[in-house]
Amino acid sequence: MINLLKHFNNRRAMSESILFYHSANDPRWTSCNYESISKEGFQKNVIAFRAISLISRGIASIPMSLKTPSLDNNEKLRYELSNLLNRPNQFQSRGSFFEHLVNYLLISGNAFIYCGETHQFTCLRTDRVQIISNTEKTAVDFYAYNVDSSQFRIEKENLLHLKFFNPLNDWYGLSPLQIASRAIDQHNAMSNHNLAILQNGGRPSGCLMIKTGSENLTEEQREQLRSDVRDAYAGTLNAGKIMVLEGDFEWKEMGLSPKDLDFSAGKDLTTREIAQAFGVPPVLVGLRGDSGFANYREARLHLWEDTILPLAELIRLEMSNWMSQKFGMEVEIVFDLDSVHALTSRRDILWQRISSADFLTKDEKREILGFPPLSAEQSAEVNTEANKKSVTKSQNKKKGV
C-alpha cells in the first residue's frame, strides 16, 4: 500500500490524495493437506465439526458383538475375541475406538487400524502412515509409520486400511472434508469478517481523503494520521462515536455493509453445502428455518438410514473380513440395531406391517422379527387366547359395545 501511495503522490495531475486503499484479490483456498484441512475444517468450523461428530458418535453407539461359528466349542477363544471388540486396547473402550476411527475416516478419507503381536486394535494417525507399493505399483508391499524423525515398518497383514473412493489416487481415499473445503473456507471467512467488523465498531472500512488543493502529506504524517484514527474510532469500545475531522479531510465508506452482502443468507447456503458433503440434514447442524419437531425426527431417521448405517456396514464388513484373515477363522461383527433409539420409529412401522400381514403364520412373523418359533404347547396357548379374544369381540359387537 505504501508503494501505491507513493505512485499516486508522484502524479502531478492527481486531484485527490488517498491515505487508505484496499482492493479485492483472488480467493485463497485452504490447502488440502491433512494438517491444514483439519485445522480449518474440523477445529475451526462448527458445522463440519458437528456433522462429523454426529456420524462418528452415532456409529460408536451401535451395540455390536462377534459371531464366531467355528469356535462354538472353544469358549476361551470366543471370550478373548469378544473382549478384543469390546475393549480394543488398554486405553480405549469400543465406543471411543470407533469414534476415533470414523473421525479419521471423515477428515482424511482414510483410517488405519493396527493389530500387532499383542492383539490389540489401535487407530493410527492417517498423516503418519505411508503406503509403500510393490515394484509393479499394483499392490501394497508394506506400510511405513513416521513419527518425528523415526520410521517404523508395518507388515500389510497387521494393518487394515479403510478408505473412500478417490478417482485420482490408487492408494489414498478422498475426504468429504476436502469436498466441502471451499464451502468451509467461505463460512470461516464470513465469521472472521463479522468478528472484524464487530471489533472495529460495527463499521466497514473506508478511506480518509484530502480535498483538492491541499498539500500532500509526508509518510510520517500519513502513518501518524492512520494511527490516530485507528486509536480513536476502532474497536468495540469506540462503537457509535462521532468522527470529528479538522482541516480539508473527508471520510468515505469503501466497503459494503453486512446487509448489502447478505451474509446471513450466504452462511446458510454454505452451511447446507457443508452438511450435504457429509450426508447430514441441515436441521441437525442448527440451520434456521428447519427446526420443527417432526422435521427433526424425520431428519434424524434420514441421517441414520442414508449415512450412518451404510458407513457402519462398510466398516463392519471390512473389519470382519480382515479379522477372519488375520486370525485364520470365520469372524463376523454383528450389529444390534433393535437397541438403537434413533431407529425406534422404523421398528414400529415394521412391527405394525408384520402384525397386520394375514398371509403370514405366527412362526413366520416371529422369524422375520428375529424370534425363535413357538413350541407346540406355546402355539396351543396362543391360539386359545386368540379364540377367546375373537369370541369376546364378537359378543361385544352384537351388544353394540
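Treat the numbers as computed from the prediction; the structure is a model and nothing was measured.

### Digging into a nonpolar patch on the surface
Working step 1: A grouping of Leu350, Trp351 and Phe371 is seen on the molecular surface, where their side chains present a nonpolar patch of about 300 Å² in accessible area.
Working step 2: By secondary structure assignment, the location of Trp351 is in helix H12 (residues 344–355).

### Brief notes about the side chain of Thr126
Working step 1: Along the chain, Thr126 falls in the loop between strand S4 (121–124) and strand S5 (129–133).
Working step 2: With residues up to four places along the chain from it excluded, the contact list for Thr126 reads Tyr34, Tyr104, Ser108, Asn110, Ala111 and Phe112.

### Observations regarding the sheet that holds strand S6 (residues 140–147)
Working step 1: Read from one edge to the other, the open sheet built from three strands follows the order S5-S6-S7, with strand pairing classed as antiparallel. The sheet is open, and its two borders are formed by S5 and strand S7 (150–155), each paired with just one other strand. Across the sheet, the mean angle from the axis of one strand to that of its neighbour is 30°, orientation sign disregarded.
Working step 2: Bridge count between S5 and S6: five bridges; the pairing is antiparallel. Opposite Ile132, over in S6, you have Phe142 as the bridge partner.

### Regarding the environment of Phe371
Working step 1: Residue position: Phe371 is located in the loop between helix H13 (362–368) and helix H14 (376–399).
Working step 2: Taking relative accessible area as the criterion, Phe371 reaches 38% and is therefore assigned partly exposed.
Working step 3: Those residues within four positions of Phe371 in sequence are excluded, and the remaining contacts are Trp351 and Arg366.

### A closer look at the nonpolar core
Working step 1: In this structure, Ile55, Phe98, Phe121, Phe278, Val280, Leu311 and Ile315 are the most contacted members of the largest nonpolar core, which totals 63 residues.
Working step 2: Of all the elements, helix H11 (residues 293–327) adds the most residues to this core, at 13 residues.
Working step 3: When sequence neighbours within four positions are dropped, the list of residues in contact with Val280 reads Ala51, Leu54, Ile55, Ala275, Val285 and Leu303.
Working step 4: In terms of nonpolar packing, the next biggest core, distinct from the first, is built from nine residues, Phe112, Ile131, Tyr143 and Leu159 among them.

### A short note on the pattern of salt bridges
Two side chains carrying opposite charge are able to pair once their charged atoms lie near each other.
Working step 1: Inspection of the entire model under this criterion finds seven salt bridges.
Working step 2: Two residues, Asp127 and Arg125, come together in a salt bridge whose shortest N-O distance is 2.6 Å.
Working step 3: Accessibility expressed as a relative area gives 32% for Arg125, which makes it partly exposed.
Working step 4: A salt bridge links Glu332 to Arg316; its shortest N-O distance comes to 3.3 Å. Taken together, the residues Glu332 in strand S11 (residues 332–335) and Arg316 in helix H11 connect sequence positions 16 residues apart.
Working step 5: Residue classification places Glu332 among the partly exposed positions, given a relative accessible area of 30%.
Working step 6: By relative accessible area, which is 13% here, Arg316 ends up buried.

### Digging into the confidence of the model for the chain
Working step 1: Mean pLDDT for the chain: 78, with 71% of residues reaching 70 or above.
Working step 2: Note on residues 1–25: pLDDT under 50 across the span, and 34 contacts to partners over four residues away in sequence or across chains.

### Comments concerning the packing of aromatic side chains
Working step 1: The tally for this structure, following the rule as stated, stands at five aromatic pairs.
Working step 2: Seen in terms of ring centroids, Phe112 and Tyr143 are 6.2 Å apart; in terms of plane orientation they differ by 70°. Their pairing is edge-to-face. Here Phe112, found in strand S3 (residues 110–115), pairs with Tyr143, found in strand S6; they are 31 residues apart in sequence, far enough to count as distant. For the pair Phe112 and Tyr143, a shared accessibility class is recorded, and that class is buried.

### A short note on the pairing of S4
Working step 1: With four bridges connecting them, S3 and S4 associate as antiparallel partners. Residue pairing for S4: Phe112 is matched across the bridge by Leu124.
Working step 2: Joining the antiparallel neighbours S3 and S4 is a turn of five residues, in which His119 adopts a positive phi near 55°.

Calculation rules
- Residues numbered from 1 in each chain as written.
- Predicted model: local features only at pLDDT ≥ 70, side-chain atom pairs only at ≥ 80, totals over all residues.
- Heavy atoms only, no water.
- Patch = residues over 30% accessible without salt bridge, like charges linked within 9 Å, V, L, I, M, F, W, Y side chains within 5 Å.
- Areas by Shrake-Rupley, 256 points an atom, 1.4 Å probe, with all protein chains shown as cover.
- Salt bridge = Lys/Arg side-chain N within 4 Å of Asp/Glu carboxyl O.
- Helix = DSSP H or I, 4+ residues; strand = E, 2+ residues; numbered from the N terminus.
- Contact = heavy atoms within 4.5 Å.
- Pairing = 2+ DSSP bridges.
- Axes fitted to C-alpha atoms, helices over the stretch in contact; angles between N-to-C directions.
- Buried < 20%, exposed > 50% of the residue type's maximum accessible area, 1.4 Å probe, protein only.
- Core = buried A, V, L, I, M, F, W, Y, C linked by side-chain atoms within 4.5 Å.
- pLDDT = per-residue confidence, 0-100.
- Phe/Tyr/Trp six-rings, centres within 6.5 Å; stacked < 30°, edge-to-face > 60°.

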